[in-house]
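Next come the chains, spelled out residue by residue.
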Amino acid sequence: MTSAAEARVVVPFLDMAAAAAALRPQLDAAFARVLESGRWVLGPEVAAFERELADYCGTSHAIGVASGLDALQLTLRALGVGPGEEVLVPGYTAVATWMAVTLTGAEPVGVDVDPQTFTLDPALLEAARTPRTRAVVPVHLCGHPADLDAVEAWASEHEILVVEDACQAHGATLEGRRVGSFGAAAAFSFYPTKNLGAIGDGGAVTTNDDALADKLRLLRMYGWRERGDSEIKGDNSRLDELQAAFLRARLPLLDSDNARRRAIAERYLDELDGLPGLVLPGAHDGHAWHLFVVRHPQRAALRAALDDRGIGTLIHYEVPPHRTRAFAATSAALPVTERLAEEIVSLPLYPQLGDDAVAAVIGAVRDSCEAFCCSTSSSASS
Ligand SMILES: *Cc1c(COP(=O)(O)O)cnc(C)c1O
């Protein structure tokens, strides 16, 4: 970059084209391999990717499906979750976590989160339990591993199933184990913006349960074991050969990509510490840093100031699932989630972000926070 350009560095929130350009020869080779194979759906690339993802996560199976939403809903269905039952989900999460439950016919029941880790607060699970509670879906939101120790201890005591939503946490670890290897099964999304992203949609379930894996393989294609003979009522949720081939090109880089994410996050944590009004996210040794979400009581003003300086930001998520119109019938009060929704803003964080861009973000956040140093209400610190 020239110094003239540096003076007005514009940092986009994401740069998908840069991510693809960084891996262009491998992606071209993957594309050519699939074109020449004459197989487009559930072929050798999918089988190889499933093996490689399972090995990476330390599970005996990975089952490729069409999306993260499907990975969740098919897993819950395969486990027998359905109408008349309840599934506990965090209030602060992507709406897909809640929608996956409704697609099974069961009801999502929101549980509030810890304001530091943004993950399910295990202390609140017992109050949410009813005789209909069948499963709990801890989400490793933003890449921060959920407190699975506490969730699993509580769940096993009450014979409640645990299904991880690992859609934002490819490569995150907990006590040396990769997420995706806990609970009955875990759901991954390969939506392009995720830590491991396809060039389109995709998803997978990881599990150590042979019977569950078998059932998921039936569910993803019309209940077929043998073509044309439906053993059970299934769905169409297949992973494309092309996406599997692209994902195979990207998986070997996941750890180094995550290391770069971590280096950026550590710089943010270090250099943005102590700014008026700004609350930084909680760190964790096994964090995959999918998103870097800060909080500020004057979020709109902070975003506008950053936008003026050419720094892209987004809000994950503006409306929590239980406050969307789709879930208007849900009466849940989730005060931490609701507070977070008003204060959160995500800063740019992706492996292709160079040191200059990181410095530009830091400089802009510092200037902005100091510019409207404020009546930081006590609300900013809890
Ligand atoms: C992205 C995401 C999903 C859904 O994945 P899709 O592939 O978009 O269906 C589910 N849960 C969480 C937490 C996500 O971030």
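Fair warning: this is a prediction, and the values are worked out from it, not measured in the lab.

Trainee: Help me get a handle on the packing of helix 11 (residues 254-271) against helix 14 (residues 355-371), residues and values and all.
Mentor: For the pair helix 11 and helix 14, the least separation of the axes is 11 Å and the interaxial angle reads 30°. Looking at the two axes, helix 11 sits roughly parallel to helix 14. In the packing of helix 11 onto helix 14, the handedness of the crossing is right-handed. Contact residues: helix 11 offers Arg260, Ile264, Arg267, Tyr268 and Glu271, while helix 14 offers Asp355, Val358, Ala359, Val361, Ile362 and Arg366. Considered class by class, the residues forming the contact of helix 11 with helix 14 number 6 nonpolar, no polar and 5 charged.

Trainee: So what about the confidence of the model for the protein chain? Which residues, and what values?
Mentor: Looking at the protein chain as a whole, the pLDDT averages 94, with 95% of positions reaching at least 70. Within the model, the stretch residues 1-7 combines pLDDT values under 50 with 3 contacts to residues more than four positions away or in other chains. Contacts of residues 375-382 to residues separated by more than four positions or lying in other chains number 12 contacts, the stretch itself having pLDDT below 50.

Trainee: An account of the packing of helix 5 (residues 68-78) against helix 9 (residues 210-219) is requested, with residue identities and associated values reported.
Mentor: Running from N to C, helix 5 and helix 9 point in directions that differ by 120°, and their axes come no closer than 9 Å. Comparing their axes, helix 9 and helix 5 come out oblique. As helix 5 runs across helix 9, the sense of the crossing is right-handed. Contacts between helix 5 and helix 9 involve Leu74, Thr75, Arg77 and Ala78 on the former and, on the latter, Leu212, Lys215, Leu216 and Leu219.

Trainee: Tell me about unusual backbone geometry, residues and numbers included.
Mentor: Tyr317 follows His316 through a cis peptide bond whose omega is 10°. Position of Tyr317 among the secondary structure elements: in the loop between helix 12 (299-308) and helix 13 (335-343). Positive phi outside glycine occurs at Leu42, with the angle close to 40°. Assignment of secondary structure puts Leu42 in the loop between helix 3 (24-37) and helix 4 (44-57). Despite not being glycine, Trp289 has its phi angle at roughly 45°, a positive value. Within the fold, Trp289 resides in the loop between helix 11 and strand 12 (292-295). Overall, Trp289 belongs to the buried group, its relative accessible area being 3%.

Trainee: Please set out the pattern of salt bridges residue by residue, giving values where relevant.
Mentor: One pass over the structure, following the stated rule, counts 20 salt bridges. With a shortest N-O distance of 2.7 Å, Arg129 and Glu126 are connected by a salt bridge. The exposure class of Arg129 is partly exposed, given its relative accessible area of 33%. The network of salt bridges with common partners includes Arg33, Glu45, Glu52 and Arg248.

Trainee: Describe the side chain of Glu50, with residues and values.
Mentor: By the element assignment, Glu50 lies in helix 4. For Glu50, a relative accessible area of 8% gives the class buried. Engagement of the side chain of Glu50 in a polar contact is seen with the backbone nitrogen of Gly64, the distance being 2.7 Å. With near-sequence residues (within four places) excluded, Glu50 lies in contact with Ala62, Ile63, Gly64, Arg217 and Arg220.

Trainee: I'd like a description of the environment of Thr75, backed by residues and values.
Mentor: When you line up the elements, Thr75 lands in helix 5. Residue class for Thr75 comes out buried when judged on its relative accessible area of 0%. Taking the C-alpha atoms as reference points, Thr75 and Thr206, 131 residues apart in sequence, are found 9.7 Å from one another. In contact with Thr75, not counting residues within four places along its chain, are Asp70, Val163, Ala185, Val205, Leu212 and Leu216. In terms of polar contacts, Thr75 uses its side chain to reach the backbone carbonyl oxygen of Ala71, at 2.6 Å.

Trainee: Give me the lowdown on the site of the ligand, citing residues and values where you can.
Mentor: Among the 14 residues in the neighbourhood of the ligand, the closest are listed as Gly68, Leu69, Asp165, Ser189 and Lys194. In this structure, an oxygen atom belonging to the ligand sits 2.8 Å away from a main-chain N or O atom of Leu69. Within the side chain of Asp165, a nitrogen or oxygen atom sits 2.8 Å from a nitrogen atom of the ligand. The protein chains hide 88% of the 380 Å² of surface that the ligand would expose on its own. Mapped onto the shell around the ligand, the elements with two or more residues apiece are helix 5 and helix 6 (95-103). Class assignment of the residues belonging to the shell around the ligand gives a composition of 6 nonpolar, 6 polar and 2 charged.

Analysis parameters
Residues numbered from 1 in each chain as written. Predicted model: local features only at pLDDT ≥ 70, side-chain atom pairs only at ≥ 80, totals over all residues. Heavy atoms only, no water. Axes fitted to C-alpha atoms, helices over the stretch in contact; angles between N-to-C directions. Helix = DSSP H or I, 4+ residues; strand = E, 2+ residues; numbered from the N terminus. Parallel < 35°, antiparallel > 145°, perpendicular 65-115°, else oblique. Left-handed = near helix turned anticlockwise from the far one by under 90°. Contact = heavy atoms within 4.5 Å. Nonpolar A, V, L, I, M, F, W, Y, C, P; charged D, E, K, R; others polar. pLDDT = per-residue confidence, 0-100. Buried < 20%, exposed > 50% of the residue type's maximum accessible area, 1.4 Å probe, protein only. Salt bridge = Lys/Arg side-chain N within 4 Å of Asp/Glu carboxyl O. Polar contact = N/O pair within 3.5 Å; in protein donor to acceptor, adjacent residues only side chain to side chain. Near = heavy atom within 4 Å. Areas by Shrake-Rupley, 256 points an atom, 1.4 Å probe, with all protein chains shown as cover.

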